[in-house]
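# Analysis of the macromolecular model
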Protein chains: 2
Amino acid sequence: MSDIDLIIQRLELRGHRVTQSRRRVLDAVLAQPAHFTVDDVLRATRAPRRRGPPVGRATAFRTIRLLLDLNVLCRILLDDGTLHYRLSTRGHHHHLVCRDCGRVEDFTQCDVEPLVRELAKAMKYEIDAHWLEVYGRCRACRRSTKEPAGAR
Amino acid sequence: MSDIDLIIQRLELRGHRVTQSRRRVLDAVLAQPAHFTVDDVLRATRAPRRRGPPVGRATAFRTIRLLLDLNVLCRILLDDGTLHYRLSTRGHHHHLVCRDCGRVEDFTQCDVEPLVRELAKAMKYEIDAHWLEVYGRCRACRRSTKEPAGAR
DNA sequence: GTAGGATTGATACTTGGTATCAGGAGCCAT
DNA sequence: ATGGCTCCTGATACCAAGTATCAATCCTAC
């Protein structure tokens, strides 16, 4: 079963209708690179390749929001403060973002849970979510530009 | 030496001018509750109490940005995806946000560094920053509303 | 097929933030 | 204290991301 069918199934299960517009947004989302904005998706639904009418801006935003609710997408926070979107394949995970090339890696193995549990105890909070983003430079970018030591 | 004087000193050290407008923004920032938006600050500079002309919107944004650069303020990401600002007294730290009452606690003691170092090794990244926000309910809010178990 | 609620898309609006640029205020040297 | 240079300001316009509205249209169950 393909990605898109799985997502459509999830929509149906939650009682959402599977409309042409939603299909078009889904197609466009699946064709995106690692992370994207809603306008990237909008543009993609309007690309010459795609047949059929383009989807409306409001619908694109609504569909992305719906996909967030269904955990099909997740938000990622870039280090300049902008929010992008990204397919959320696995469940809970975090992002490792390369500042230079913008690539994003998911990670789950690096476990924050113990930290969070300890924090909950110390602060007497009941903790139900957390968000961790890590920024750096990936191997390829490090290799390609060796900056002199001491540079900002 | 008061908070405001310390901040002004920091401005001067970095070669920024200490203008009336910046003072007014600083006053307003220091009078804010735990976290705030730029418009909160802007409104505060226009409050009837304050004498003198109100600061312009652009200036408020510029000053906040400057304070971010000087590490006087930091951004916090609320769980609805909006960015707020907050006085950043200590250096690097994270936020624990109560979903109900919106209070924010800083924490540093709960150390993410080892996690990040391990991640760097595993992924072959050079990591230079991270961002962690934790969401939950504080003790007071838990006590005041005991929801039945199983409610989403 | 059809009814009726869910969805759409055009449009207008909101929010948060930046660019521009003429004029004003700080700061330094004198 | 007076220039004078530069940085800063604020009005305004703009931009990007996202939401509200609402009549028209589409899905789905029947």
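The notes below deal with the structure included here. Given the structure is predicted, the values throughout are model-derived calculations rather than measurements.

Bringing the sheet that holds strand β3 (residues 94–98) of chain A into the picture now. With respect to topology, 6 strands assemble into an open sheet ordered β4(A)-β3(A)-β5(A)-β5(B)-β3(B)-β4(B), the strand pairing being mixed. In this open sheet, the two edge strands, each paired with only one partner strand, are β4 (104–107) of chain A together with β4 (104–107) of chain B. In this sheet, adjacent strand axes meet at a mean angle of 20 degrees when their direction is disregarded. One ladder, built from 4 bridges, connects strand β3 (residues 94–98) of chain B with strand β5 (residues 126–137) of chain B; its direction is parallel. What sits directly across from C98(B), in β5(B), is G136(B). Helix-sheet contacts for helix α5 (residues 113–123) of chain A involve β5 (126–137) of chain A together with β3, β4 and β5 of chain B, and the interaxial angle to β5(A) is about 130 degrees.

This brings us to unusual backbone geometry. Even without being glycine, N71(A) reaches a positive phi, approximately 60 degrees. Summarising the element assignment, N71(A) is placed in the loop between α4 (57–69) and β1 (73–77). Positioned with a positive phi, K124(B) is a non-glycine residue whose angle comes to about 60 degrees. Accessibility expressed as a relative area gives 40% for K124(B), which makes it partly exposed.

Before going further, it helps to examine the protein's contact with DNA strand C. Around DNA strand C sit 22 residues, and of these R17(A), T19(A), R62(A), R57(B) and Y85(B) come closest. For DNA strand C, the fraction of protein-proximal atoms (within 4 Å) that sit in sugar or phosphate groups is 54%. R17(B) places a polar side-chain atom, nitrogen or oxygen, 3.4 Å from a base nitrogen of DNA strand C. Secondary-structure elements contributing two or more residues to the surface near DNA strand C are α2 (20–30) and α4 of chain A together with α3 (38–45) and α4 (57–69) of chain B. Element by element, the count of residues in the surface near DNA strand C is highest for α4(B), at 5 residues. Of the residues belonging to the surface near DNA strand C, the class tally is 8 nonpolar, 6 polar and 8 charged.

The next thing to look at is the environment of R22(A). All names here are of chain A. Mapped onto the elements of the fold, R22 is located in helix α2. Each residue touching R22, except ones within four places of it in the same chain, is listed here: H16, R17, T63 and L66. Among the polar contacts made by the side chain of R22, one reaches the main-chain carbonyl oxygen of R17 at a distance of 2.8 Å.

In this section: the relation of the copies chain B and chain A. Its rotation angle being 179 degrees, the transformation that places chain B on chain A also includes 0.0 Å of axial translation and leaves an RMSD of 0.1 Å. One copy is carried onto the other by what is essentially a two-fold rotation axis. Within chain B, L132(B) has its C-alpha nearest the rotation axis, a separation of 2.2 Å. Interface overlap between copies is the fraction of interface residues in one copy that are interface residues in the other; for chain B against chain A it reaches 100%, indicating a shared surface.

Residue and element names in this part refer to chain A. Relative orientation of the contacting elements helix α1 (residues 3–13) and α2 amounts to 135 degrees, with a least axis distance of 11 Å. As judged from the angle between their axes, α1 and α2 are oblique. Relative to α2, α1 is oriented so that their crossing is right-handed. Contact residues: D3, I4, I7 and I8 in α1; R23, L26, D27 and L30 in α2. Its residues assigned to classes, the contact of α1 with α2 shows 5 nonpolar, no polar and 3 charged.

Here the focus is the protein's contact with DNA strand D. Of all residues adjacent to DNA strand D, which total 22 residues, the nearest are D39(A), R57(A), R17(B), T19(B) and R62(B). Near the protein, meaning within 4 Å, the atoms of DNA strand D are sugar or phosphate in a fraction of 59%, with bases accounting for the rest. Within the backbone of Q20(A), one N or O atom sits 3.5 Å away from a phosphate oxygen of DNA strand D. Between R17(B) and DNA strand D, the recorded distance is 2.9 Å, taken from a side-chain N or O atom to a base oxygen.

In this section: the side chain of H130(A). Tracing the backbone through its elements, the reader meets H130(A) in strand β5. The class of H130(A) is buried, set by a relative accessible area of 11%. Polar side-chain contacts of H130(A) include one of 3.3 Å to the side chain of H94(A). Residues in contact with H130(A), not counting those within four places in the same chain, are H92(A), H94(A), V112(A), E113(A), V116(A), L132(B), E133(B), V134(B) and Y135(B).

Further remarks concern the interface of chain B and chain A. Taken together, the contact between chain B and chain A spans 38 residues of the former and 38 residues of the latter. Of the roughly 3,400 Å² buried between chain B and chain A on both sides combined, carbon and sulfur atoms contribute 64%. Between E126(A) and R142(B) there is a salt bridge, with its nearest N and O atoms 3.7 Å apart. The interface formed by chain B and chain A holds 10 residue pairs in polar contact (both at pLDDT 80 or more) in total. Sorting the residues of the side of chain B that touches chain A by element identifies β1 (73–77), β3, β4, α5 (113–123), β5 and α6 (139–144) of chain B as the ones contributing at least two each. Sorting elements by how many residues they give to the side of chain B that touches chain A places β5(B) first, with 12 residues. Each residue belonging to the side of chain B that touches chain A can be placed in one class, and the counts come to 19 nonpolar, 4 polar and 15 charged. Across 11 bridges, the pairing between β5(A) and β5(B) is antiparallel. Paired with A129(A) across the strands is Y135(B), a residue of β5(B).

Cut-off values and rules
Residues numbered from 1 in each chain as written. Chains lettered and ligands numbered in written order. Predicted model: local features only at pLDDT ≥ 70, side-chain atom pairs only at ≥ 80, totals over all residues. Heavy atoms only, no water. Pairing = 2+ DSSP bridges. Helix = DSSP H or I, 4+ residues; strand = E, 2+ residues; numbered from the N terminus. Axes fitted to C-alpha atoms, helices over the stretch in contact; angles between N-to-C directions. Contact = heavy atoms within 4.5 Å. Buried < 20%, exposed > 50% of the residue type's maximum accessible area, 1.4 Å probe, protein only. Near = heavy atom within 4 Å. Polar contact = N/O pair within 3.5 Å; in protein donor to acceptor, adjacent residues only side chain to side chain. Nonpolar A, V, L, I, M, F, W, Y, C, P; charged D, E, K, R; others polar. Least-squares fit on C-alpha atoms with pLDDT ≥ 70 in both. Parallel < 35°, antiparallel > 145°, perpendicular 65-115°, else oblique. Left-handed = near helix turned anticlockwise from the far one by under 90°. Buried area = accessible area lost by both parts, 1.4 Å probe. Salt bridge = Lys/Arg side-chain N within 4 Å of Asp/Glu carboxyl O.

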